[in-house]
Amino acid sequence: MRCRPSEAQRPKLEPLLATWPNTFGAIAADLAGPEGHCAAPELTPGEKLICDLAIQYQDSLQTVYSEGLAQALLLAAQMYASPEGTEALRKDYGIFPAFSGLGFAVQASASSSGEIVPMTTADILRNAVVPEYLLANATLEEAGCRCIQVPDNAKRRTAPIDPAYIWSRGKLNDGACRTVRKLAALPG
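These figures come from a predicted structure and were not determined experimentally. (Residues numbered from 1 in each chain as written. Predicted model: local features only at pLDDT ≥ 70, side-chain atom pairs only at ≥ 80, totals over all residues. Heavy atoms only, no water.)

(A) How the structure looks around the pattern of salt bridges. Counted under the stated rule, the structure contains six salt bridges. Between Arg 90 and Glu 87 there is a salt bridge, with its nearest N and O atoms 2.4 Å apart. Highlighted residues: Arg 90 and Glu 87, both in helix α5 (residues 83-93), separated by three residues, approximately one helical turn. Two residues, Lys 91 and Asp 92, come together in a salt bridge whose shortest N-O distance is 2.8 Å. Given the relative accessible area of 48%, Lys 91 is considered partly exposed. In this structure Asp 92 comes out as partly exposed when scored by relative accessible area, which is 26%. One network of salt bridges, with partners in common, ties together Glu 47, Lys 91 and Asp 92. (Salt bridge = Lys/Arg side-chain N within 4 Å of Asp/Glu carboxyl O. Helix = DSSP H or I, 4+ residues; strand = E, 2+ residues; numbered from the N terminus. Buried < 20%, exposed > 50% of the residue type's maximum accessible area, 1.4 Å probe, protein only.)

As far as function goes, none of this settles anything; it's purely spatial.
Have a look at this one:
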C-alpha cells in the first residue's frame, strides 16, 4: 500500500506520528470519558485495559533518553500482557505486537502468512526505516491510497518492493486494492 494524501485530504485524516506517547494520547482521547476515566459501559475489557494504561502515561523531560523510552515501552508492553489488550489494540488501532512505537514501521516484521517474525533488538532498530502514522478512520480513496494484492498462490518476492511499482499499478478497483498476478520491478 502507498498513500499520498492531497493537501485537502490531510486534515480529514489527522495524521499522527505513531510513537507510543502519541498512541497513549490517542487511546486516552478516544476511550476515556469526559472525566478522564475508562469506565464507559460500552468499553470491552481490552479497551478498558489499554485505556487505563494510556491515562497513566506521563511524559517528562529526560537527560538519559533511554530511561524515557524504557518507561513508555514498559507501559506499552503491559497492553500486550493479556489477549484482550492485544485484541483491542489490533481491532481499534490496527496495532500488532510488532508495532515499535518509535514512529517507524519495522520492515519484514511479518511473514507472508501474517505471523510476527522474531527479531533481535539490533534487527528491530535496523529495520525501523519507514515513518508510520496513526490516521483517523477513512477509506483508501479518502486517504489518497493505492494498493496491490497478490494471490496466495503467487510466487513470493523476497527483495524489497519498489513503492513506485505499487503507486503505478495500484489504482483502486471500486475502492479495493487491485490484484496483480505477481510482484515485479518497474521497467528501468
